[in-house]
2 protein chains.
Amino acid sequence: MRLPTIALLLCSLACTAQHPLAFAKKSELQAVSRQIARYPILQNSFNDFKQSVDPYLGKDIDVPFPKDPAGGYTHERHKSNYMLVFQAGLLYNLTGDARYAQLVRGILLKYAALNPTLKNHPQATSSSPGHIFWQALNDANWLVYCGMGYDLVQPALSAADRKTIETGAFKPEVDFFTGQLEGWFNLIHNHGVWACAGVGIVGIATDNPAYVKMALYGTKGDGRSGFLAQIDQLFSPDGYYTEGPYYVRYALLPFYLFANALNNAQPGLRIFEHRNQVLRKALHSGLQQTNTDGTFFPFNDDIKDKDFTSNELVSAISIAWKAYGRDTGLLTVASKQNRVGLTEGGAAIAAALSTTKNLSPYYPYTSIRYSDGAKGDEGAVTYLRAGKGKNLTTLGFKYASHGLSHGHFDELNFILFDKGNEVLQDYGSARFVNIEQKWGGRYLPENNAYATQTIAHNTVVVDEQSQFGGEEAAASKWSGEEVFCRFDNPAAQAVLARQKNAYKGVELARGLYLLQLPGRRLVVDIFHVQSGDAHQYDLPFQYNGQLIHTSFPYKASTTTMQTLGRKNGYQFLWKEAEAHVRDTLAQFTFLNGGTYYTISSLVEDSAQLFFTRTGANDPNFNLRREPSYIIRKSGRNRDFISVVEIHGSYNAVTESSSGAVPGVQSIRLLRDGGLTVAQLRVDGKELLVGQCDEGGMPAATHSFNAGGVSLSWSGPFTAVYDGKHL
Amino acid sequence: MRLPTIALLLCSLACTAQHPLAFAKKSELQAVSRQIARYPILQNSFNDFKQSVDPYLGKDIDVPFPKDPAGGYTHERHKSNYMLVFQAGLLYNLTGDARYAQLVRGILLKYAALNPTLKNHPQATSSSPGHIFWQALNDANWLVYCGMGYDLVQPALSAADRKTIETGAFKPEVDFFTGQLEGWFNLIHNHGVWACAGVGIVGIATDNPAYVKMALYGTKGDGRSGFLAQIDQLFSPDGYYTEGPYYVRYALLPFYLFANALNNAQPGLRIFEHRNQVLRKALHSGLQQTNTDGTFFPFNDDIKDKDFTSNELVSAISIAWKAYGRDTGLLTVASKQNRVGLTEGGAAIAAALSTTKNLSPYYPYTSIRYSDGAKGDEGAVTYLRAGKGKNLTTLGFKYASHGLSHGHFDELNFILFDKGNEVLQDYGSARFVNIEQKWGGRYLPENNAYATQTIAHNTVVVDEQSQFGGEEAAASKWSGEEVFCRFDNPAAQAVLARQKNAYKGVELARGLYLLQLPGRRLVVDIFHVQSGDAHQYDLPFQYNGQLIHTSFPYKASTTTMQTLGRKNGYQFLWKEAEAHVRDTLAQFTFLNGGTYYTISSLVEDSAQLFFTRTGANDPNFNLRREPSYIIRKSGRNRDFISVVEIHGSYNAVTESSSGAVPGVQSIRLLRDGGLTVAQLRVDGKELLVGQCDEGGMPAATHSFNAGGVSLSWSGPFTAVYDGKHL
């Protein structure tokens, strides 16, 4: 605990602070101002601010009594207001035009009159109600932006105005957060980060060390909560944010805004260096977890259209550039964002963009493993990647911890992106953010009822139950367990993970192999399910695309259609077709974009196959209609071994189709002690994938001899094609 | 009849022809050759040819005995071969490298051995079987390209080789076309155009005036069939091609290739001037009938991914540039195609692109009316357009003739595109072109069974029957009838058309109004159905998007789902939800791309409403899963009056939603004699649309007085908003 040192710093802050300080110092903004006309992207970003703000200059701004849920008038008005306060404050510093400061003053004085009168919002439904908005999270957003905006114009205000605003606009909100909502404020959770950032930034803006202390160390001041605890606990040592890629984007913003403010106010804290630059790592973890089009990978709750051009990442990247220096990957992202922060970092990015030629159109994606948990010991999310540029293939595998309240019951779920298309999907979340007609813009009931359930993912469902009984509390106790993860050889990358606690008495283990054969790329998926008792196991593949061919006959629903099940998400699935197969290689080819994909699955003994589509029991049309292909097996111990093969191409403009037939011709699965070997025939040649089920020492050698296959290798796995190690 | 003159020309051709001639003359190709290195786009186009052909140089090319359907090996091999013959022939002239000529010679000699042995293709299923391919159409493609390729290398071949090829490779195909397939050859149809182009080009290439004569005037030489009759009858005077936009692209190619060959061989024919440059008009009609992304509008059979960058239009545009001169619209299209023909026209386009700055990213789309029928008296297809650039709205309305064998039963169908998105769709056709696993790449059974049926469109279905009993022969007798069409005022454009013969004893009349109000664009749709007997009337809106809100309660299918009907396309529709409504304004809002759309419909008395989705009775997953919103009314005379309103915006990245609530608040429909007035309340103001049901004289004045509304106007319609004429 560094409390004594910090206390001293806080004191010195209170005595010496000059404003502006929280968002940027005067000298920084003066330097930015001089560069605006020099770089088009900086000029455009400045113009965007002016276009947003100038129509309000000299106008009376409505600060309505809070009434509406997300998407409604008062909600949108208050959102616009806090952004206006911040943007006008910044423009005041960049232009010197006093009208901007007057605008900020006018709005904040209205809040100073309003806020002391507020109780819980009439539309509040959550356990953390807001005053100005339906949920406290939005109030925290308000505090962050109004705090920065106030700080930016503070020197232009009279002492009386300052007092009115500080006691009328800010104090009621800070008191509300740290009093009535104390438990929420002290949460280690993205809402808590916003709350601490809000209170801390207001503390810096109003020279109130008590606020800053609560923000850094929690209301009790013991450091068990507050911003530093959040940085320590919400990211893994690799910078992974446990709620997932969609939320790291959102969480990064208060982390970066408050860290930036702290760095200005308390440089001695060296906040950007904290935990080996974990804030830098967190930013890059967010960017690595995107598709080539910049959209975030849909693990856990995720809005699929959201991408890295969102405002949060514009701000974060400009701050990171100043804090950590030049970074080519960030430059690519900034060029797609096509705007920069109006800060030293943003101006530097604008300058770098103006002199950088042949900038890569893609962020530098790599195969990467992100440990989860504050100590990095709660499983991981691993991305295996092959190919380059447009031709990139990404396999994402989740065997991390649950992901707090935005987590899904999806241990050992994998997703597949190829050539920018989502080939095996995760539904993401059921929500229309800020569309008032859709449940006030909040998470829809179908989010819990369907999108978070195991059947909505690409992992085994036991007895039509979700993992951990669908209970967040239970799921939060157990992360996945990595057996091995290796991606040093681009031609053969592998990860094997287990989850023994998702279902009582059932052990799940899945090995995924991304292999580059000559002229063909494929994923070998060895999913081993073990139990002392008999169960029903369903393995869904949430394919995206149009069915082209199956190797098996099936019976389609023609004039009536039923649901696949009755609960745990199954009630949302229409059963479009089903098949009963026995001792076969079940192959299913679909077309997505211009590429064919085939899932080839070994069926030993018997299996049922289903084609389903979401939309049943969806009386408000809240779900997209998405297809799934489900393999069902019953018994105690069962293997699901499948190959997802990327093959051929189709071009509708030239009407040319090639390679539409899969190369996989047979699959066998063999075991010898703790070793598993998949023997495949691909394009007439033998492919062997050897797996050491327990991983073992990196350099240990293994000898497999069973079912007529002899194979020796060192390390946790091997892949041999046509007699040659890949 | 100009037969005597032509006979003389043919004679002179036989006596004096120098080759190459059919695709281009030697001097033209020499000039192109000199410019290749000068323009990147020309160089790239040349390189593309070389990359296609060079790997085959010196190789033995497989000319297999025909066996496979479309997409199969022999099909694709023969397709590649004819393109190789043409491309190598062209490269021989551009480079002077004799190896290209040798390649052409080798392939054609193999065909000279093969073709005399061929009977009907083993996979032939159509009434016009091919020899080399499953259908004669592909054989005609072969004849066109091999004819041009042969012509290009002819001077390099020995007399013996020439004879072998002419009698072995070409004569059996020409004899087959003009003998066994004479009826097909003489059809006025796109297959016939290819057949005539093939025989004609071979005639020019082999100095055989008899072939050219058959190609120009039909096998009987009487001009009732053949190429000139095809030009005269397949296009309307406006250049509209009756099969629709997808097929004009395809049909244009043989028209342009053969016209170009004729222009070289018989310039006196002035073929490009024929019928007031109808070939130029036809090309532009194809381009005007595209979405802003270049995809063709889906009237009649249509593959939705197909766009104007297809090879057919690259060739046609290069030929048109030479024939008709510079055209900025074509330049935009050429820049999207990013390649040009290796001809004088292509080189000129490359030169123009290199010097043109600020080229519009969009073809110059306008509101336009295309009459159908050789005489222009068989109805029309009209496009009303508002807005510019990305913000373009296009309403397409079909009241033309059926469209031959590729026509759909969709009289008075309309489609709506907005901001590049398909908002109210036409399914297009059910086909995976050249994907062998999908019915050999041919039209799927679901094309006739669903895609062509009336219920798959946005027009009234009577008694769950398709128009004209779903019989092409009956449909071909009756086109729609235009009452008026006016688009001189961009703020208020209108078209009214009728169809009295689609259903016995039922008259259909639909007026469509594309209106630009201040800040709001909408379509008013007044569909009047009249009959002496009681019927059931269904008006579907094939909306694309996600349901956001309805003003009416409905009952959704939750645990089981049934089809909407049993035949005429209804058997493919799952009934996702239904509602019974009475005396109300039924409003349904959906989100597509970043825009909200609301269909507001007046219900007087009662109506049933359905939400359906395709996919029932589709055992091979041949159909896309597409939604529809259907309004059902029963009675004798019924009006469907709806407003399709474009409003608001949603941005998932910024999470901002605005204008999500429609502006239309009420609708009334009033009649006074032959006048109809729709009285609407939009954004609190009155909108009146007055329609003269019989059109009347352009300058006639009308006085309406009924239901408390008094309105006077001149001309066939008026639109008044907030007391002002739009």
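Everything below is about the structure shown above.
Bear in mind that the values here come from a model prediction, so they are computed numbers and not experimental data.

Participant: Teacher, can you tell me more about the overall build of chain A here?
Facilitator: Regarding its fold elements, chain A presents 18 helices and 27 strands. The globule rule puts the C-alpha radius of gyration for 726 residues at 27 Å, and the 28 Å found for chain A is close to it. The C-alpha extent of chain A, read off along each of the three principal axes, is 85 × 55 × 55 Å. When the 726 residues of chain A are sorted by exposure, 58% land in the buried category. Excluding contacts between residues fewer than 6 apart, the proportion of contacts in chain A whose partners are at least 24 apart in sequence is 66%.

Participant: How do you make sense of the relation of the copies chain B and chain A when you look at a structure like this?
Facilitator: The pair of chain copies shares a relation made of a rotation about an axis and a shift along it. Rotating chain B by 180 degrees and translating it 0.0 Å along the rotation axis places it on chain A, where the RMSD comes to 0.1 Å. Interpreted geometrically, this transformation is the action of a two-fold axis. Taking C-alpha positions as the reference, the residue of chain B nearest the rotation axis is B:Met561, at 2.5 Å. Of the residues that chain B buries at the interface, 100% are likewise interface residues in chain A, meaning the two copies contact each other through the same surface.

Participant: Looking at this structure, how should I read the interface of chain B and chain A?
Facilitator: When the parts of a complex come together, some accessible area is lost, and that lost area is often used as the size of the interface. Between chain B and chain A, the residue contacts involve 42 residues of the former and 42 residues of the latter. Of all the elements in the fold, those that place two or more residues in the side of chain B that touches chain A are β12 (546-550), β14 (560-562), β15 (573-592) and β20 (656-658) of chain B. Counted by class, the side of chain B that touches chain A contains 15 nonpolar, 17 polar and 10 charged residues. Pairing between strand β14 (residues 560-562) of chain A and β14(B): 3 bridges, direction antiparallel. Across the sheet, A:Thr560 pairs through a bridge with B:Gln562, a residue of β14(B).

Participant: How should the sheet that holds strand β22 (residues 675-682) of chain B be read in this particular structure?
Facilitator: Hydrogen bonding along the main chain pairs the strands of a sheet, whether they run parallel or antiparallel. Residue and element names in this part refer to chain B. Strand order in the open sheet made by the 5 strands is β21-β22-β23-β26-β27, with antiparallel pairing throughout. Each edge of the sheet is formed by a strand with only one pairing partner; in this case those strands are β21 (664-672) and β27 (724-725). Pairing analysis gives 2 bridges linking strand β26 (residues 717-721) to β27, with the strands arranged antiparallel. Counterpart to Tyr-721 in the pairing with β27 is Lys-724.

Participant: Can you help me understand the packing of helix α12 (residues 245-265) of chain B against helix α14 (residues 311-324) of chain B in this one?
Facilitator: When two helices pack together, you describe them by how their axes are tilted relative to each other and by the distance separating the axes. Residue and element names in this part refer to chain B. Axis separation between α12 and α14 bottoms out at 9 Å; the angle between their running directions is 40 degrees. Compared by their axis directions, α12 and α14 come out oblique. Our pair here, α12 against α14, has a crossing hand that is left-handed. Contact residues: α12 offers Arg-249, Tyr-250, Leu-252, Leu-253, Tyr-256, Leu-257, Asn-260 and Asn-263, while α14 offers Glu-312, Leu-313, Ser-315, Ala-316, Ile-319 and Ala-323. Tallied by class, the residues present in the contact of α12 with α14 amount to 9 nonpolar, 3 polar and 2 charged.

Participant: What is the right way to look at the sheet that holds strand β21 (residues 664-672) of chain A in this model?
Facilitator: Residues and elements named next belong to chain A. Taken together, 5 strands build an open sheet; the order of strands is β21-β22-β23-β26-β27 and the sheet is antiparallel. The open sheet is flanked by β21 and β27 (724-725), the only strands paired with a single partner. Bridging between β21 and strand β22 (residues 675-682) involves 8 bridges; their strand directions are antiparallel. Looking at β22, one finds that Ile-667 is bridged to Leu-680.

Cut-offs and rules
- Residues numbered from 1 in each chain as written.
- Chains lettered and ligands numbered in written order.
- Predicted model: local features only at pLDDT ≥ 70, side-chain atom pairs only at ≥ 80, totals over all residues.
- Helix = DSSP H or I, 4+ residues; strand = E, 2+ residues; numbered from the N terminus.
- Rg over C-alpha atoms; globule rule 2.2 N^0.38 Å.
- Buried ≥ 20, exposed ≤ 12 C-beta atoms within 10 Å, placed from the backbone.
- Contact = placed C-beta atoms within 7 Å.
- Least-squares fit on C-alpha atoms with pLDDT ≥ 70 in both.
- Nonpolar A, V, L, I, M, F, W, Y, C, P; charged D, E, K, R; others polar.
- Pairing = 2+ DSSP bridges.
- Axes fitted to C-alpha atoms, helices over the stretch in contact; angles between N-to-C directions.
- Parallel < 35°, antiparallel > 145°, perpendicular 65-115°, else oblique.
- Left-handed = near helix turned anticlockwise from the far one by under 90°.

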